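A closer look at the structure
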Amino acid sequence: MPKYIDIAVNLIGSSLEKDSQHIIQTAIEQHVSPLIIIGSDLTESHKAISLCQDYPKQLFCTAGVHPHQASQWQIGSLEQLSALSAHSPVVAIGECGLDYNRDFSPRNKQRQAFEAQLALAASLKLPVLMHERDAHDDFLAILKAYRTDLNGALLHCFTGNRKSLDAYLKLDLHLGITGWVCDERRGKELAELVVDIPNDRILIETDSPYLLPRTLRPKPKSSQNKPEYLPHIAQYIATLRGQDSVEFTHHVYQNSLRFFNLDGRV
């Protein structure tokens, strides 16, 4: 039976949190396990660690500060994040990066927090899980300065164009693909590009509860995306790539194990 790892689940601080036990169990029943729980700020990261400790083989997490929350970055944040990262469930620094689409935090604060987290990831030899929206040039320039020192670098929820795809692959990034690719309106370009991501660089994710795949049938009554839908996303991407779905799923599962250093832990 194919196995899946959902590499980006917003289980803390989202509409899913109150049903977390059910979400986790239903995912397991669909062979989606473990889940990587995203830490979007220091408080969320702490809560994610606590939840993971209740599910030591089913949940792992990131610890970081999202660009939306970068205005919270201050003296002492780096020390707090370093301490959080020492906990066993933490398998990556992030979600960190730049978001010039919404600008929920000033751009200079976003860059400051992003650079600090890249430097921390490099010093701790942890991979980094990143976010980028409408900030390609600055994102690339900052990342280039740290890339050779990073143990691994993943741009999650990739929705870029050909230029950005080529640039990120040149930097040897892993790319996370979501149900965005199933959207015939917004995901058309991604559906064309996903064919060209090398087998050893592609990962899959729901980014739940966001980005519910539009191709799910029957259509869920709730607009919430959930980890249990990851097999549908995998099948859809495999079809786009002209790959056998079992073979494709095996590739991305092994990629996820290697990237997050989960061999022997699940």
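Coordinates for the structure precede this section.
For the structure given in this document, a descriptive report is provided here. (Residues numbered from 1 in each chain as written. Predicted model: local features only at pLDDT ≥ 70, side-chain atom pairs only at ≥ 80, totals over all residues. Heavy atoms only, no water.)

**Thoughts on the overall build of the chain**
Rules: The helix count covers DSSP runs of H or I at least four residues long, the strand count covers runs of E at least two residues long, and both are numbered beginning at the N terminus. Note on method: radius of gyration uses C-alpha positions; expected globular size equals 2.2 Å times residues raised to 0.38. Three exposure classes are used, based on accessible area relative to the maximum for each residue type with a 1.4 Å probe and protein chains only: buried under 20%, partly exposed in between, and exposed over 50%. Here a residue-residue contact requires only that any non-hydrogen atoms of the pair lie within 4.5 Å. In these tables, accessible area is a Shrake-Rupley quantity obtained with a 1.4 Å probe, and a residue counts as shielded only by the protein chains included in the view. As used throughout, the charge tally considers Lys and Arg to be positive and Asp and Glu to be negative, leaving His and the chain termini uncounted. For charged residues, the charge sits on one atom: NZ in Lys, CZ in Arg, CG in Asp, CD in Glu.
When its secondary structure is counted, the chain shows nine helices and eight strands. Against the globule reference of 18 Å for 266 residues, the chain gives a C-alpha radius of gyration of 17 Å, in line with a compact fold. Over its C-alpha atoms, taken along the principal directions, the chain stretches across nearly 50 × 40 × 35 Å. A buried classification covers 59% of the 266 residues belonging to the chain. Excluding contacts between residues fewer than 6 apart, the proportion of contacts in the chain whose partners are at least 24 apart in sequence is 74%. Summing over all exposed atoms, the chain offers an accessible surface of approximately 11600 Å²; the carbon and sulfur share of this is 48%. Of the charged side chains in the chain, 27 are positive and 31 negative, and the gap between their average positions amounts to 2 Å.

**Focus on the packing of helix α8 (residues 230–241) against helix α9 (residues 245–259)**
How we decide: The angle between two axes is taken between their N-to-C directions and runs from 0 to 180 degrees, where each axis is a line fitted to C-alpha atoms and a helix contributes only its stretch in contact. By the definition adopted for this analysis, an angle is roughly parallel if under 35 degrees, roughly antiparallel if over 145, roughly perpendicular if from 65 to 115, and oblique otherwise. Should the near helix be turned counterclockwise from the far one by less than a right angle, the crossing is left-handed, whereas a clockwise turn marks it as right-handed. Note on residue classes: Ala, Val, Leu, Ile, Met, Phe, Trp, Tyr, Cys and Pro are nonpolar, Asp, Glu, Lys and Arg are charged, and everything else, Gly too, is polar.
Here α8 crosses α9 at 110°, and the two axes come no closer than 9 Å. Taken together, the axes of α8 and α9 lie roughly perpendicular to each other. Judged by the twist between their axes, the crossing of α8 over α9 is right-handed. Contact residues: α8 offers A234, Q235, I237, A238 and R241, while α9 offers S245, F248 and T249. Grouping the amino acids of the contact of α8 with α9 by side-chain chemistry returns four nonpolar, three polar and one charged.

**Here we look at the sheet that holds strand β1 (residues 4–9)**
Put simply, the test is: Paired strands, in this sense, are two strands between which DSSP finds at least two bridges.
Across the sheet, eight strands lie side by side as β1-β2-β3-β4-β5-β6-β7-β8; this open sheet has parallel pairing. At either margin of the open sheet sits one strand with a lone partner, and together these are β1 and β8 (202–204). Within this sheet the neighbouring strands show an average axis-to-axis angle of 30°, counted without direction. With three bridges connecting them, strand β7 (residues 174–177) and β8 associate as parallel partners. In the sheet register, L175 faces β8, and the bridge partner there is I202. Relative to the sheet, helix α2 (residues 42–54) contacts β2 (32–37), β3 (59–63) and β4 (90–99), its axis offset from that of β3 by approximately 165°.

**Observations concerning the packing of aromatic side chains**
Definition in use: Classification of ring pairs rests on two measures: the distance between centres of Phe, Tyr or Trp rings, Trp counted by its six-membered ring, which must be within 6.5 Å, and the angle between planes, read as stacked under 30 degrees, edge-to-face over 60 and tilted in between. As a reminder, the over-ring test applies to NZ of lysine and CZ of arginine, requiring each to be within 6 Å of the ring centre and within 35 degrees of the ring normal.
For the coordinates displayed, the defined rule picks out four aromatic pairs. Between F259 and F260, the ring centres sit 4.9 Å apart and the planes meet at 85°, which makes this aromatic pair edge-to-face. Here the aromatic residues F114, F139, F158 and Y168 are joined through ring pairs into a cluster of three or more. Here the guanidinium or amino end of R107 rests over the ring plane of Y100, the centre of that ring lying 4.1 Å away. The cationic tip of R186 hangs over the ring face of W180; the distance from NZ or CZ to the ring centre is 4.1 Å.

**Things to note about helix α3 (residues 77–85)**
An α-helix turns once per 3.6 residues; consequently, residues spaced three or four apart project the same way. Inclusion rule: The arc in question is traced by the directions running from the helix axis to the C-beta atoms.
Where α3 is concerned, the buried positions are S77, L81, L84 and S85. In a view along the axis of α3, the buried residues occupy a sector of 100°, so they form one face of it. If you follow the buried residues of α3, they end up packed against α2, β3, β4 and α4 (107–124).

**A look at α4**
This is how it is decided: Multiply 1.5 Å by the residue count of a helix minus one, and that product is the helix's expected span.
Taking 1.5 Å per residue as the helical rise, α4 with its 18 residues ought to reach 26 Å, and the 26 Å between its terminal C-alpha atoms agrees with that figure. Residues of α4 that are buried include every one of K109, Q110, A113, F114, A116, Q117, L118, L120, A121 and A122, and no others. Among the structural elements, α3, β4, β5 (128–133) and α5 (136–146) are those in contact with the buried residues of α4. Looking one or two residues beyond α4, the residue adopting positive phi is K125, at roughly 60°.

**A few points about the pattern of salt bridges**
Note on pairing: side chains with opposite charge can pair once their charged atoms come close. The test is simple: Salt bridge criterion: a side-chain nitrogen from Lys or Arg within 4 Å of a carboxyl oxygen from Asp or Glu.
One pass over the structure, following the stated rule, counts eight salt bridges. Residues R162 and D196 are paired through a salt bridge, measuring 2.8 Å at the closest nitrogen-oxygen approach. Residue R162 is located in helix α6 (residues 162–170), and its partner D196 is located in the loop between α7 (188–193) and β8; the two are separated by 34 residues in the primary sequence. The exposure class of R162 is partly exposed, given its relative accessible area of 37%. R186 is the salt-bridge partner of D183, the closest N and O atoms lying 3.3 Å from each other. On the accessibility criterion, D183 (5% relative accessible area) is buried.

**A few points about the side chain of S40**
Looking at where S40 falls in the secondary structure, it is placed in the loop between β2 and α2. The class for S40 is buried, based on a relative accessible area of 9%.

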